[in-house]
Amino acid sequence: MIGGGLITAAARRGIAQMAHLPPMPPAPRQLDLERLAPFVDPLPIPAVAKPLGKRLNPSRRSQVPFYKIPIQEFFSKIHRDVPPTRFWGYGNSVPGLTIEARSGEEILIEWLNRLPAKHFLPIDHNLMGAETGVPESRIVVHVHGGRVPPDSDGWPEACYAPGKSATYHYPNRQEAALLWYHDHAMGINRLNVCAGMAGLYVIRDSFEDGLNLPKGDYEIPLVLMDRMIRADGQIYYPVTQLPEAPWVPEYFGNAVLINGKLLPYLDVQPRKYRLRLLNASNGRFYFLSLDNGAPFQQIGTDQGLLSAPVAVSQLAIAPGERADVVVDFAAYRGQRVLLKNLASTLMEIRVAQERLADPSALPQTLRPVPKIAEAEAIRTRKLSLQELDNLVGEPMTHLLDGKRWHEPVSEKPVLGTTEIWEFLNLTDDAHPIHLHLVRFQILDRRNIDVSAYTYENKLRYTADAVPADPNEAGWKDTVRVSPGASTRIIVKFEGYTGRYVWHCHILEHEDNEMMRPYEIIHAAKR
Ligand code: C2O
Ligand code: CU
Ligand code: CU
């Protein structure tokens, strides 16, 4: 096989399995959820960050709000009866401090790395950027969904060690949406996010204000993250049988935390609520429902409001995706409603008895989402998603367009132009693909003949194209790319020129080559 640290490790992993090395090390005893009292902790709402004052912005034209957010170790109770869990996060909570921003009002944030030198989760030094010798506890912060200049976007290789900090500039020149921020450090992103590095970043604007949606106490963020939690309450991250190559292709926890709590409860009034969901899990997809059959009225997706509410009884949400929903509890006075993920319960919602005036609205139309015509696209890029297996069929790594991170930039869209990106998923799994900087629309999905494409490089569609689901028909920044199918998105490259990344948001994949740079260039450079 080809050279390079990663391949060597991956090949070694394959050979290990061939040679019948000892099986995967047994996981330590996990927390027994069956024996845990449910619904004893109220759902926490992450605190909102406060600016420390004002500072000159990078263009040196104005003083803008300035925040300082430390990335540090702390212990937090995920449940009344579980000992405090060690986390590494933003401020003192998981999710971290919420950033509240207004469209068009820029801010500066200094992100300070105050972590201990030694990582508490297992680093695989064969992965790109995670070589022995680089500081273990390095970090870099990315605002997911933010239209941010390249030097403030959290380029994975711009990560830095404890004791250092970086001040990033967020212009917030974009429509109201629920964004989020998380770690993006090269080669250990999955470990840093698993350790707790995720928080919310809300952008509001006057258009949204004018809709009179439920707000204040009636707008509740719900951040979902699953973790493997040991019996002693600590986070566990699994490893392979090879101590020198511990990377595993997926991470699924036994415990789903909502805003950092396990099986919390939420007291609500019998009225409308706006629930703002984020899937901040490393790799788990959720299929959410309410046990009484009440629908979610979905009003928004990753990058803001839909054109009209869409009723969904089961809400699918992939890692990195957001869903903005309104639920009216007026008909359920005095009842208990369970939030479920498929068959398992995540949270109890307790609806109060007394009636209360509800001045909020669920408008029939929300915000126009002008459809980008396919004819506007100046080109279509066909980009495969592919898995390289070891000799026993375990994935060693996943590649985008057959390329690794360090290969030269191949996607160079011109600023201001529109392109179609057609993802051809040759694997058996769905991968949520995310592009930094931009927002896009989903055109369609269509089954393909995988072996014809893999072995003969022939693209043969085997079914009709299916348009995006109604609740995906808004502005997106992350798209579920279905297995054995083509998924097409249409993107206008707006904002800035420079280097950004696109990647799979299953963090184990992202850390192991399922991430590529892309560069937005000026027309003249073409
Ligand atoms: Cu959620 Cu590269 O990001
Ligand atoms: Cu992002
Ligand atoms: Cu993936």
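Look a little higher up for the structure.
So, how was this worked out
- Residues numbered from 1 in each chain as written.
- Chains lettered and ligands numbered in written order.
- Predicted model: local features only at pLDDT ≥ 70, side-chain atom pairs only at ≥ 80, totals over all residues.
- Heavy atoms only, no water.
- Patch = residues over 30% accessible without salt bridge, like charges linked within 9 Å, V, L, I, M, F, W, Y side chains within 5 Å.
- Areas by Shrake-Rupley, 256 points an atom, 1.4 Å probe, with all protein chains shown as cover.
- Salt bridge = Lys/Arg side-chain N within 4 Å of Asp/Glu carboxyl O.
- Lys, Arg positive; Asp, Glu negative; His and termini not counted.
- Charge placed at Lys NZ, Arg CZ, Asp CG, Glu CD.
- Buried < 20%, exposed > 50% of the residue type's maximum accessible area, 1.4 Å probe, protein only.
- Pairing = 2+ DSSP bridges.
- Helix = DSSP H or I, 4+ residues; strand = E, 2+ residues; numbered from the N terminus.
- Axes fitted to C-alpha atoms, helices over the stretch in contact; angles between N-to-C directions.
- Disulfide = S-S within 2.5 Å.
- Donors = N, O, S within 2.8 Å, 3.2 Å for Na, K, Ca; no water.
- Contact = heavy atoms within 4.5 Å.
- Core = buried A, V, L, I, M, F, W, Y, C linked by side-chain atoms within 4.5 Å.
- Phe/Tyr/Trp six-rings, centres within 6.5 Å; stacked < 30°, edge-to-face > 60°.
- Lys NZ or Arg CZ within 6 Å of the ring centre and 35° of its normal.

## Notes on a negative patch on the surface
Okay, so step 1: Negative charge collects at one region of the surface, where Glu-250, Asp-389, Glu-394, Asp-428 and Asp-429 lie side by side.
Okay, so step 2: Glu-394 sits in the partly exposed class, given a relative accessible area of 36%.

## Some details on the sheet that holds strand β31 (residues 498-504)
Okay, so step 1: The strand order across the open sheet formed by 4 strands is β29-β26-β31-β32, and the pairing between neighbours is antiparallel. Taken across any chain shown, the strands that pair with only one partner, and hence form the sheet edges, are β29 (478-481) and β32 (515-520). Taking the axes of each pair of neighbouring strands and ignoring which way they run, one obtains an average angle of 25° across the sheet.
Okay, so step 2: Bridge count for strand β26 (residues 431-435) against β31 is 3 bridges, and the pairing is antiparallel. Across the sheet, residue Leu-435 finds its bridge partner in β31, namely Trp-502.

## Overview of the state of the cysteines
Okay, so step 1: Counted according to the given criterion, the structure contains 0 disulfides.
Okay, so step 2: Here Cys-194 stays unpaired: no disulfide links it, and the sulfur of Cys-504, its closest cysteine neighbor, is 16 Å away.
Okay, so step 3: By relative accessible area, which is 0% here, Cys-194 ends up buried.

## Let's talk about the coordination of the copper ion (ligand 2)
Okay, so step 1: Every protein donor of the copper ion (ligand 2) is accounted for by His-142 (NE2) and His-434 (NE2), and the metal-donor separations fall at 1.9 Å. Of the two residues, His-142 sits in strand β6 (residues 141-144) while His-434 sits in strand β26, which places them 292 residues apart along the sequence.
Okay, so step 2: Exposure remark for His-142: the relative accessible area of 1% places this residue in the buried category.
Okay, so step 3: Take His-434: its relative accessible area is 0%, and that puts it in the buried class.

## Considerations on the environment of Met-228
Okay, so step 1: Along the chain, the position of Met-228 falls in strand β10 (residues 219-229).
Okay, so step 2: Residue classification places Met-228 among the buried positions, given a relative accessible area of 14%.
Okay, so step 3: Distance in space between the C-alpha atoms of Met-228 and Ala-27 is 9.6 Å, their sequence separation being 201 residues.
Okay, so step 4: Those residues in contact with Met-228 that sit more than four places away from it in its chain are Gln-30, Gln-234, Ile-235, Tyr-236, Pro-238, Tyr-251, Phe-252, Gly-253 and Asn-254.

## Side note on the coordination of the copper ion (ligand 3)
Okay, so step 1: Around the copper ion (ligand 3), the donor atoms from the protein are His-431 (ND1), Cys-504 (SG) and His-509 (ND1), and they sit 2.0 to 2.2 Å away.
Okay, so step 2: Between the donor residues of the copper ion (ligand 3), the gaps in sequence give the motif H-x72-C-x4-H. Taken together, the positions of His-431 in strand β26 and Cys-504 in strand β31 put the pair 73 residues apart, joining distant regions of the chain.
Okay, so step 3: A relative accessible area of 0% places Cys-504 in the buried class.

## Some words on the pairing of strand β5 (residues 107-113)
Okay, so step 1: Burial analysis of β5 places 7 of its 7 residues in the buried class, which makes it a mostly covered element.
Okay, so step 2: Residues Ile-107, Ile-109, Trp-111 and Asn-113 of β5 are buried on one face, and the alternating residues Leu-108, Glu-110 and Leu-112, pointing to the opposite face, are buried as well.
Okay, so step 3: Pairing of strand β2 (residues 63-76) with β5 involves 6 bridges; the strand directions are parallel. Pairing of Lys-68 across the sheet is with Glu-110, part of β5.
Okay, so step 4: Bridge count between β5 and strand β7 (residues 165-170): 6 bridges; the pairing is antiparallel. The residue bridging Ile-107 from the neighbouring strand is Tyr-170, located in β7.

## As for the nonpolar core
Okay, so step 1: Ile-109, Trp-111, Tyr-170 and Tyr-201 are the most contacted members of the largest nonpolar core, which totals 67 residues.
Okay, so step 2: Look past the residues within four positions of Tyr-201 in its chain and what remains in contact with it is Ile-99, Ala-101, Ile-107, Ile-109, Val-143, Tyr-170, Asn-172, Ala-177, Leu-178, Leu-179, Trp-180 and Tyr-181.
Okay, so step 3: Ranked by size, the runner-up nonpolar core spans 30 residues in total, among them Leu-222, Val-325, Tyr-332 and Met-347.

## Considering the sheet that holds strand β14 (residues 265-268)
Okay, so step 1: Ordered by their spatial adjacency, 5 strands build an open sheet running β14-β22-β21-β16-β19, and the pairing between neighbours is mixed. Among the strands making up the open sheet, the edge pair consists of β14 and β19 (315-317). Looking at each pair of strands side by side, their axes are set apart by 25° on average, direction ignored.
Okay, so step 2: Pairing geometry for strand β16 (residues 286-290) and β19, over 3 bridges, is antiparallel. The partner of Phe-287 across the bridge, within β19, is Ala-316.

## Thoughts on the packing of aromatic side chains
Okay, so step 1: In the structure shown here, the tally under the stated rule is 18 aromatic pairs.
Okay, so step 2: Ring plane angle 40° and centroid distance 5.8 Å describe the contact between Trp-421 and Phe-493, whose orientation is recorded as tilted. Highlighted residues: Trp-421 in strand β25 (residues 418-425) and Phe-493 in the loop between β30 (485-492) and β31, separated in sequence by 72 residues. For the pair formed by Trp-421 and Phe-493, the shared burial category is buried.
Okay, so step 3: Joined through ring pairs, the aromatic side chains of Trp-421, Phe-423, Phe-493, Tyr-500, Trp-502 and Tyr-518 make up one cluster.
Okay, so step 4: Positioned over the ring face of Tyr-265 is Arg-350, at 3.8 Å from the centre of the ring.
Okay, so step 5: In this structure, Arg-499 packs its charged tip against the face of Trp-155, placed 4.0 Å from the ring centre.

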